[in-house]
Amino acid sequence: MNTRSRISILLAALWWGSLTGLGFVVVPMLFIHLPSPAAAGAMAAKLFTAQTWLSVACTMLLLLALNKKEAPALSPSARAAMKFIVAGLLLAVLVEFGVAPNIVNARAEGGNLRLWHGLGSAMYLAQWLAAGWTLWCLSRTTKAGDT
């Protein structure tokens with residue numbers, strides 16, 4: 001396994017692990033331990049924004065690490081991961097700039113908060129699945145000739 005492959009696996013692990021830690025551990029703990037759901041929601045929103053930028057950095061670096069001039073030289077598992085990396089990047093950006101502002105507006109103006117929150121949660125889960133599948137694809141053992 002070459003250095004580029006190892007860096008790709010580390011980036012995918014950071015991406016998936018940070019989504020897992022924030023979405024399934026940290027945010028639920030905020031709602032359990034902070035005095036009000038409003039305070040927990042405000043803090044969660046800030047953390048999700050930070051997570052978006054971490055996701056963007058990881059996916060962009062993954063795309064750079066996997067970018068080779070000779071497309072056939074890319075291993076089959078890396079080629080399979082590319083579409084999930086791009087999908088995860090798009091989902092992260094869409095949640096941050098499309099869904100999150102609508103959540104804020106719905107909360108302030110009495111809009112359909114349940115719809116926007118559900119859509120954001122579904123897109124976060126889809127990003128988590130894309131990151132997990134990317135990690136799975138990149139961490140497969142390769143044959144002696146694969147890089």
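Located above this text is the structure these notes cover.
Residues numbered from 1 in each chain as written. Predicted model: local features only at pLDDT ≥ 70, side-chain atom pairs only at ≥ 80, totals over all residues. Heavy atoms only, no water.

Student: Please provide a residue-by-residue account of a nonpolar patch on the surface, values included.
Tutor: Together, Phe24, Val25, Val26, Met29, Ile32, Leu125 and Leu129 make up an exposed nonpolar region whose accessible area comes to about 630 Å². At the level of secondary structure, the elements contributing two or more residues to the nonpolar patch comprise helix H1 (3-33) and helix H4 (113-139). Element by element, the count of residues in the nonpolar patch is highest for H1, at five residues. In this fold, Ile32 is placed in helix H1. (Patch = residues over 30% accessible without salt bridge, like charges linked within 9 Å, V, L, I, M, F, W, Y side chains within 5 Å. Areas by Shrake-Rupley, 256 points an atom, 1.4 Å probe, with all protein chains shown as cover. Salt bridge = Lys/Arg side-chain N within 4 Å of Asp/Glu carboxyl O. Helix = DSSP H or I, 4+ residues; strand = E, 2+ residues; numbered from the N terminus.)

Student: Just give me the short version of the packing of helix H3 (residues 76-109) against H4, but keep the residues and values in it.
Tutor: Where H3 meets H4, the axes come as close as 8 Å, and the angle between the chain directions of the two elements is 160°. Relative to H4, H3 is oriented roughly antiparallel. For the crossing formed where H3 meets H4, the hand is left-handed. In terms of residue class, the contact of H3 with H4 is made up of 22 nonpolar, eight polar and one charged. (Axes fitted to C-alpha atoms, helices over the stretch in contact; angles between N-to-C directions. Parallel < 35°, antiparallel > 145°, perpendicular 65-115°, else oblique. Left-handed = near helix turned anticlockwise from the far one by under 90°. Nonpolar A, V, L, I, M, F, W, Y, C, P; charged D, E, K, R; others polar.)

Spatial relationships are all this shows, so hold off on functional conclusions.
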